[in-house]
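Next come the chains, spelled out residue by residue.
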Amino acid sequence: KALLHAAALVLALAAVAGMYLHGLANEYTAVWESTFIADAATLRTLLGVVLGPAAALLGGELPSVAELEAIRGAGTAGESAARWIHWYALTIALFVAAPRAALAALWRIRAARLAVRLPYRDTSPRYFARLLATSTGADRAVVLVPYAFEPDEKARADLAARLEDELGAGVAATWAATIAFGEEEDFAVDAVPGGAEVAAVLSFSATPERETHLALWRTLRERTGGTARHLLLDATAFDRRSLQLGDDGSRRAAREAAWRRLFADEGASLLVHPASPAEAPSVSP
C-alpha cells in the first residue's frame, strides 16, 4: 500500500511537472467546450468547487461568467493558460499529492511496525514460514542446541532435514555446544544471530521429565528471548531397540504421547525423527 500511494504521488507530480515543462517551450491558451455544460454560469459554479480553493490560496479570482463566455469554443482566441496551470497544479497538490504522500508515509510506518511486531509465527507458523521461504528464496537460520547426548554427523544432517520438511524451507543449521545433564538451568547460550530461530535437540529414548527436559526448555526460551520454537526428538536409537525387540510400535506411541503431554502448554513445535518407526534405518545382524 505504501508503494501504491508513492507511485500515485509520483504520477501526479510528473503530470504537474509536465505541464510546467511544456509551458516553457509552448504557449498554451485556455478555452473551454462541453457536451453537458450549456452555459458559462454553470461552468463557473463547477470551477468554484474544483479550482476555487487553489484560486483563493493563490490570491486570485476565478473568471466571471462574461470572461468565461469570451473564451468559449475552440474558435476563440482564448487567454493565457498560465493562471489555469497554477490552479490545476495547486489543486493536484492539495487533493492528490498531499494525501498520497501522507498515506504513503503512514503505510510505510505501519509496515515497518508490522515487520517487527506481527506475531505470524504464533498465529500460523507453518503457513507463513512457507510463504516467506517461497517469496525470498532464503534459507531459515536455525541454531540447534543438543541436550545430554551428542548427535553424530549423519544424525545432525538427518535432524536438519527433518526440520526442513516441517518448515517447508531450506535450513541453515548451526550446532551449539551440547548442554550436559545437570546443567538444565545453568548454561550459557551464545548470541543468536538476528532473525535466527533456536531448536532444542533431545534424545527420544530418555524418559521425559519436568525437572530436566522441561526445565531445560524453559531456560532456553528465557535466555534466547523466546526464539526457541522447535523441539527435535531423535528417535533413531529408540526405534533400533524396538526393532530388535519385535515391538509393534505401541512403546513408541506411548513414549511420544508422554513427550507431548510434558510440552503441551509450552508453545513448542515438537518434531520426532524419524516421523514413524517405518522410516527408521534397518540394523544388520
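Going by the structure above, here's the rest.
## Some points on the overall build of the protein
What the protein contains, in helices and strands, is eleven helices and seven strands. Its C-alpha atoms give the protein a radius of gyration of 35 Å, more than 25% over the compact-globule value 19 Å for 285 residues. Projected onto the principal axes, the alpha-carbon positions of the protein cover approximately 105 × 35 × 35 Å. Burial analysis of the protein (285 residues in total) assigns 35% to the buried set. Counting only contacts in the protein whose residues sit at least 6 apart along the sequence, the fraction spanning at least 24 positions is 79%. When the accessible surface of the protein is split by element, carbon and sulfur atoms take 58% of a total near 16600 Å². Treating the 28 positive side-chain charges of the protein as one cloud and the 33 negative ones as another, the clouds have centres 3 Å apart.

## Section: the packing of aromatic side chains
Per the counting criterion, the structure on display carries four aromatic pairs. On the numbers, 5.1 Å between centres and 75° between planes, the contact of W84 with W87 is edge-to-face. Separated by three residues within a single helix, W84 and W87 lie in helix α5 (residues 82-117), roughly one turn from each other. Like W84, the residue W87 is buried in the burial classification. For the ring pair W217 and F263, a centre distance of 6.2 Å and an interplane angle of 90° mean the geometry is edge-to-face. Taken together, the residues W217 in helix α9 (residues 210-223) and F263 in the loop between α11 (250-262) and β7 (269-273) connect sequence positions 46 residues apart. The buried category is assigned to W217, whose relative accessible area is 1%. One aromatic cluster is present, built from ring pairs that chain together W217, W259 and F263. A cation over a ring is seen here: R252 above F204, with NZ or CZ 5.6 Å from the ring centre.

## Considering α9
The terminal C-alpha atoms of α9 lie 18 Å apart, and with 14 residues this matches the ideal 20 Å at 1.5 Å per residue to within 8%. For α9, every residue scored as buried is listed here: T212, H213, L214, A215, L216, W217, T219 and L220. On its buried face, α9 is in contact with β3 (140-146), β5 (197-203), β6 (228-234) and α11.

## Comments concerning the nonpolar core
Judged by nonpolar contacts, the single largest core of 24 residues is most densely connected at L231, L233 and F263. Per-element accounting of this core gives the leading share, four residues, to α9. Apart from the residues lying within four places of it in its own chain, the contact partners of L231 are A200, L202, W217, F263, S269, L270 and L271. Grouped together as the second largest cluster of nonpolar side chains are 16 residues, L47, A55, I71 and I85 included.

## Re helix α10 (residues 236-245)
Among the residues of α10, T236, F238, D239 and S242 are the ones counted as buried. With its buried residues spanning 160° around the axis, α10 presents them on a single face. Of the residues in α10, the exposed ones pointing more than 90 degrees away from the buried face are Q244 and L245. Taken together, the buried residues of α10 touch β6, α11 and β7.

## Some words on the pattern of salt bridges
Throughout the structure, instances matching the rule amount to ten salt bridges. Ionic pairing is found between E166 and R162, a salt bridge with its closest N-O pair at 3.9 Å. Here E166 and its partner R162 are both found in helix α8 (residues 153-167), four residues apart, which amounts to about one turn of the helix. Comparing E166 with R162 shows no difference in burial state: the two are buried. The shortest N-O distance in the salt bridge between R252 and D239 comes to 2.7 Å. A residue pair is termed long-range when its members are at least 10 positions apart, and R252 in helix α11 and D239 in helix α10 qualify at 13 residues. According to the relative accessible area criterion, R252 is buried, its value standing at 4%. Judged by its relative accessible area of 5%, D239 is buried. Here the residues in one salt-bridge network are R140, E197 and R229, joined through shared partners.

About the criteria used
- Residues numbered from 1 in each chain as written.
- Predicted model: local features only at pLDDT ≥ 70, side-chain atom pairs only at ≥ 80, totals over all residues.
- Heavy atoms only, no water.
- Helix = DSSP H or I, 4+ residues; strand = E, 2+ residues; numbered from the N terminus.
- Rg over C-alpha atoms; globule rule 2.2 N^0.38 Å.
- Buried < 20%, exposed > 50% of the residue type's maximum accessible area, 1.4 Å probe, protein only.
- Contact = heavy atoms within 4.5 Å.
- Areas by Shrake-Rupley, 256 points an atom, 1.4 Å probe, with all protein chains shown as cover.
- Lys, Arg positive; Asp, Glu negative; His and termini not counted.
- Charge placed at Lys NZ, Arg CZ, Asp CG, Glu CD.
- Phe/Tyr/Trp six-rings, centres within 6.5 Å; stacked < 30°, edge-to-face > 60°.
- Lys NZ or Arg CZ within 6 Å of the ring centre and 35° of its normal.
- Expected span 1.5 Å × (residues − 1).
- Core = buried A, V, L, I, M, F, W, Y, C linked by side-chain atoms within 4.5 Å.
- Arc of directions from axis to C-beta.
- Salt bridge = Lys/Arg side-chain N within 4 Å of Asp/Glu carboxyl O.

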